[in-house]
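# Summary of the model geometry
Here is how the chains run, residue by residue.
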Amino acid sequence: MVERAGTILYLDGVSVAFDGFKAIQNLSFVLKRGEMRAIIGPNGAGKTTMMDIVTGKTRPDEGDVYFNGTIDLTRHDEADIATLGIGRKFQKPTVFESLTVADNLSLALAAPRDVFSVLFARESSGRARRIDEILEIVRLGHRREHVAANLSHGQKQWLEIGMLLAQDPKLLLVDEPVAGMTDAETEETARLLREIAATHSVVVVEHDMHFVRELDVKVTCLHEGSVLSEGSLDHVSSDKRVIEVYLGR
Amino acid sequence: MRLAGPLTFAVAIILSLAGVAHSQEKPLREIVNSFAEARNFNQTEEIVAELGATGDPAVVPVLRALSEGDLHVRKSDNQVFIVSGRGKTLTIIDPLTGEMVGEEGKRALSKIRVNNGLRRLIRDTIGGLALGSPDPAARLRAARTLISNPDASSLPAIEAALEKETDPEVAAGMMRARAAAILVSERPDAEKSEAITAVAAISTQDALSLLLGFRGQATGELREQVDRAIARVERVQSYWAMAQNVWYGLSLGSVLLLAAIGLAITFGVMGVINMAHGEMVMIGAYVTFVVQEIIRTSAPWLFDWSLAIALPLAFLTAGAIGYALERGIIRFLYGRPLETLLATWGVSLILQQAVRTIFGPTNREVGSPSWMSGAFEIGQLTITWNRLYIVLFALAVFAVLLFVLNRTSFGLQMRAVTQNRRMAAAMGIRTPRVDAMTFALGSGVAGLAGVALSQIDNVSPNLGQGYIIDSFMVVVFGGVGNLWGTFVGALTLGIANKFLEPYAGAVLGKILVLVFIILFIQKRPRGLFALKGRAVEA
Amino acid sequence: MISGYLARNGLEGRIIATIVLILAAGVAVPVSNLVLDPSHPLHVPTYIVALLGKYLTYALLALALDLVWGFCGILSLGHGAFFALGGYAMGMYLMRQIGTRGVYGNPVMPDFMVFLNWKELPWYWHGFDQFWFAMVMVALVPGMLAFVFGWFAFRSRVTGVYLSIITQAMTYALMLAFFRNDMGFGGNNGLTDFKDILGFDVQADTTRAALFAASAVALAIGVIITARITGSHFGKLMIASRDAESRTRFLGYRPEMVKLFAFTVSAVMAGVAGALYVPQVGIINPGEFAPANSIEVVVWTAVGGRGTIIGPIIGALLVNGGKSWFTGVLPEFWLFALGGLFVFVTLFLPKGIVGTLQDHIGRRREKRQAEKAEEAEAASAAEPTPVGAE
Ligand SMILES: Nc1ncnc2c1ncn2[C@@H]1O[C@H](COP(=O)(O)OP(=O)(O)O)[C@@H](O)[C@H]1O
Ligand SMILES: [Mg+2]
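Keep in mind that this is a model prediction, so the values were computed, not measured.

To continue, consider the interface of chain C and chain B. Tallying the contact residues gives 41 residues for chain C and 40 residues for chain B. Between chain C and chain B lies a buried interface of about 3,600 Å² when both sides are counted; carbon and sulfur atoms form 79% of it. Our count for the contact surface shared by chain C and chain B stands at one salt bridge. When the shortest N-O distance is used, the salt bridge between E339(B) and R306(C) registers 2.5 Å. Summed over the shared surface of chain C and chain B, the result is six residue pairs in polar contact (both at pLDDT 80 or more). Within the residue set of the side of chain C that touches chain B, elements represented by two or more residues are α6 (131-155), α7 (160-179), α12 (291-304) and α14 (333-348) of chain C.

The following block contains the structure:
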């Protein structure tokens, strides 16, 4: 048992089943405040489902899920959890296709989320500047006013990361951020995530071992809904069971 | 007494079991006409007894007329008629059918004479009509008639018959008839007390009114007993009323099932709501109409087969239109379910107007084959044949569809597409073909529904509109991707509707059901039997 | 002057032009009817004024539908219900104005109640003798219904076809209810035989002209409201929740509230349209709740182009103009034409007339920009251009 205090994310004994199929079994996972963690594991290991649980999309059948050491996430819904400070990038990039890149970011920018605040919100120069900054970071400045639907797959990934930045959450959950990217882009993304990790807590799910190595952080390997191995990448990748189920012989 | 042939009875029983109001006239008429030959009261008595022995209720008016002196013989041809009216010319009425035959001068007729002895015999004969018939079913019927019209004066006849009775079922019926008669007689209280128990056991509306009538004159213990008996009968009646409601509900539910099941299939597989579905039903009904028209003009003897002929034609016609609709419009709208809804609505307008232009805006007459008309009773339930056949038909269609979906390769492909279209396509299933066939199947089934509905509803261009919203409700309530959802949905809504009707009235009942579904959707946004999984959430 | 004000409030040029046009018609048509001599070629006969006035209320209804369908993706098949409820609220006021001039001469109760042998006015008819009260109800009743209905539906995440179907069930249930005599709204016959409104004879040319002008103003206000909502940050959120509802949740928004707000505003607009419709056609009956009516509104919106503000207005005017023409010339063919229109628009003009035109213009502009961008090299940020923005 780990002390909950000082953790940003704390999952203990979490299980969830879909029609009898146990997607997550007795999963325990702890992330310290300010830490970045990479999660690897074969397809169907439950990585995305774990994020679903943390972000309120899926309710666990049992187990504790705490944010910031004190907030019981199972009692909140998606919108609440997002406003509490958990941002998520989806495995399949989901941006608002018929809005422009800038509008996508503008919607993500931290601000009151209730209907009337949004209704009477005014575009301020502060917001515009912040959007420009983020566009700079995710290299989409030249696409500012373009409709998001026309972006390439990799650009959508970055736009989504940009939206995460705009949201400025305390904890970022990033699901397969480099799928569909070139090697150069992958390295670039790793650099960006490390930069973000300097000021945020981050969980990254990724298959790309090269990318995980670039991140240079503690790694958790999931298998069939629970933790198979945890530690440095070298430690995990030399674990026999990991090799068997995931990395391949 | 033995003159009436058993054959007559057998025929009469079969016909009455088939619910066909029909009487075998020829031998009866001969007997009736034999009154003309009667030379004295004794001979008349014999004929009365003979009539009584037929056990046919049709002779009752003849006997009544005889007793009142209204039975006359037409001198010219020795035919017997009931006459009415006064003065020189009298109206003559066929004694068996009750139809007016014409008028005849008083001179041309001669009255069949009766005396008091004959009148008593007639009364007893009417009362105990056929209680002594050789046929048990006829005796039972006679006993039942006596329960509905109890008469103290028929008691001796009943008791006499009861003594000779060997058939236990008929005896039980006679016991009841006797009990009913006792309640209106001057018999002692002890017998009446027994009679109350016996009548209460009958539990029909007749028994109830008999008991209520008796209650007025009962005192003391008898009064208490009758009150208890009334309470009991009312309870039993309420059960029957409930059973009747369930039946009506099943009947409505099966209509809904027929109308909705095709819709559920297309919605399940393709995710589109076919707003023209109601028009497919309507077209099925019009196919029935056309088939019957052709039969009427060129092959009337086929009429009883008209529905059997219409079924495949309706299926093919509606199916072909559905196929064309899918190929011509819907496939271009794949992935845009709301647009599909609009386009199919447009098609429904066109189809409605087309039918209106071709067949006219008014209701068209679609007849029922003889085997579908009439009704029969189970206990206190009245069940009409057409409703029963529709229930059976709906179940049959459901069973066949279940088979097609679960046991054929086409069904397997359909289910695969329902669950994961892209995966199915990747596995080499030709999804466009499956879509088109599904749509044709769903529309064809709607056509079948139309044939059935033509039997209970007005065949007009608006026929489909009357069912479409209810069908949506069934589909939305039952959920898609599983035919059982539609089944449960249709029957639940049908029964709920019919149970609400007595309390809230038909319209309010329907409103309540709609409101219920709107609320239900809040709890289960995807219906009772929803598909689960990630594919659905996307 | 008006356009200046509108421009200052950040409305697009197209919208401003539309508003100016509507208001101009709101002045010109009544003036030509009242001032010009009947023989004058530009004179608009009174029946045309009433007809056009009716179209304007339809346009407002279509605009209301556009707000939810075009911008939030909620295909409501029950907007006719809000329209009819607004109409009934107005109808109740007009009924109360009849006073003793009814057939039975009852000062308080409308004729149909006297006919049904009712002894007193039902409680929900009280207050409708006051114009202001009726006007509050015109907005409140549809608004409340939409709010309650939407609250349940959106919170439970009922979407897509399911939502469409239950909105249809809603209007159908209301239709059945209003057909009942004991609902107290005149049953089958509805409310009719109106005499006057605010003391003016409803049949008088001047009243009709005024109602036309009022409809034009209401439509203009509707356009401003819709444009302001959709043009704001909130409008982007509406589109976001239309396209990827669940994604907005993970940004901390509550799309159900977004939809609820839009749905309620839209219902109020539809109610106002209904209220203006009733005195111009002189009757309101349960037929207005018929599901087919609501679907017809959808086709107006689709023809003009959903999500475009101007589209639904043009669509409503065109389709209804066509309907009037057809029913005069070829009555049997109207349903063929309407049905064909549904099919044609969904197949070939999915964005409607205005949407297709906008795309066309947008593409031309994009091409020009692409050429320019090529010259200026892709790396440097291109100037902001509202391409494809709704
Ligand atoms: N909503 C759901 N319904 C049914 N099964 C689900 C659902 N979500 C996830 N699963 C199942 O749970 C398992 C874990 O999936 P996932 O978390 O996506 O794995 P991955 O580690 O590849 O991200 C998979 O077998 C998936 O099919
Ligand atoms: Mg995953």
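Turning our attention to the coordination of the magnesium ion (ligand 2). Residues and elements named next belong to chain A. With distances of 2.0 to 2.2 Å, the protein atoms coordinating the magnesium ion (ligand 2) are T48 (OG1) and Q91 (OE1). Taken together, the positions of T48 in helix α1 (residues 47-54) and Q91 in the loop between β6 (86-89) and α3 (101-108) put the pair 43 residues apart, joining distant regions of the chain. Since its relative accessible area comes to 17%, T48 is described here as buried.

With that out of the way, let us pick up the interface of chain C and chain A. Facing 31 residues of chain C, the contacting portion of chain A comprises 35 residues. Regarding the contact of chain C and chain A, the summed buried area is about 3,000 Å², with carbon and sulfur atoms giving 63% of it. Three residues stand out in chain C for area buried against chain A, namely H233(C), R247(C) and F250(C), and they jointly supply 27% of the buried area on that side. One can count five salt bridges joining chain C with chain A. Across the pair E160(A) and R247(C) runs a salt bridge, and its minimum N-O distance is 3.1 Å. Remark: the boundary between chain C and chain A carries 15 residue pairs in polar contact (both at pLDDT 80 or more). Secondary structure elements with two or more residues in the side of chain C that touches chain A: α8 (205-231), α9 (233-243), α10 (245-250) and α11 (255-281) of chain C. With eight residues, α9(C) is the single largest residue contributor to the side of chain C that touches chain A.

Time to look at the sheet that holds strand β4 (residues 62-67) of chain A. Residue and element names in this part refer to chain A. Taken in spatial order, the four strands of this open sheet run β2-β1-β4-β5, and their pairing is antiparallel. A single partner strand is all that each edge strand has here, and the edge strands are β2 (21-32) and β5 (71-72). Summarising the sheet, strand β1 (residues 7-18) and β2 pair through eight bridges and their orientation is antiparallel. Bridging across to β2, V14 finds its partner in L27. The sheet contacts of α1 involve β1, β2 and β4, and relative to β1 the element is tilted by about 115 degrees.

All names here are of chain A. If you trace the six strands from one edge of the open sheet to the other, you get β6-β7-β8-β3-β9-β10, paired in mixed fashion. Two strands in the sheet have a free side with no partner beyond their single neighbour: β6 and β10 (226-231). Strand after strand, the sheet turns through a mean of 20 degrees between neighbouring axes, direction not considered. Here strand β3 (residues 36-40) pairs with strand β8 (residues 201-205) via four bridges, running parallel. The residue of β8 that forms the bridge with A38 is V204. Lying on the sheet, α1 is in contact with β3, β6, β7 (171-175), β8 and β9 (218-223); it crosses β7 at an angle near 150 degrees. Set on the sheet, helix α6 (residues 153-167) makes contact with β6 and β7; between it and β6 the angle comes to about 175 degrees.

Taken as a whole and assessed by the stated rule, the structure comprises 41 aromatic pairs over all chains. A ring pair is formed by W132(C) and F133(C), whose centres lie 5.8 Å apart and whose planes are at 85 degrees; its orientation type is edge-to-face. Positioned above the aromatic ring of Y66(A) is the side chain of R4(A), whose terminal nitrogen or guanidinium carbon lies 3.7 Å from the ring centre. Here the basic side chain of R88(A) rests over the ring of F250(C), its NZ or CZ set 5.5 Å away from the ring centre.

Thresholds applied
- Residues numbered from 1 in each chain as written.
- Chains lettered and ligands numbered in written order.
- Predicted model: local features only at pLDDT ≥ 70, side-chain atom pairs only at ≥ 80, totals over all residues.
- Heavy atoms only, no water.
- Contact = heavy atoms within 4.5 Å.
- Buried area = accessible area lost by both parts, 1.4 Å probe.
- Salt bridge = Lys/Arg side-chain N within 4 Å of Asp/Glu carboxyl O.
- Polar contact = N/O pair within 3.5 Å; in protein donor to acceptor, adjacent residues only side chain to side chain.
- Helix = DSSP H or I, 4+ residues; strand = E, 2+ residues; numbered from the N terminus.
- Donors = N, O, S within 2.8 Å, 3.2 Å for Na, K, Ca; no water.
- Buried < 20%, exposed > 50% of the residue type's maximum accessible area, 1.4 Å probe, protein only.
- Pairing = 2+ DSSP bridges.
- Axes fitted to C-alpha atoms, helices over the stretch in contact; angles between N-to-C directions.
- Phe/Tyr/Trp six-rings, centres within 6.5 Å; stacked < 30°, edge-to-face > 60°.
- Lys NZ or Arg CZ within 6 Å of the ring centre and 35° of its normal.

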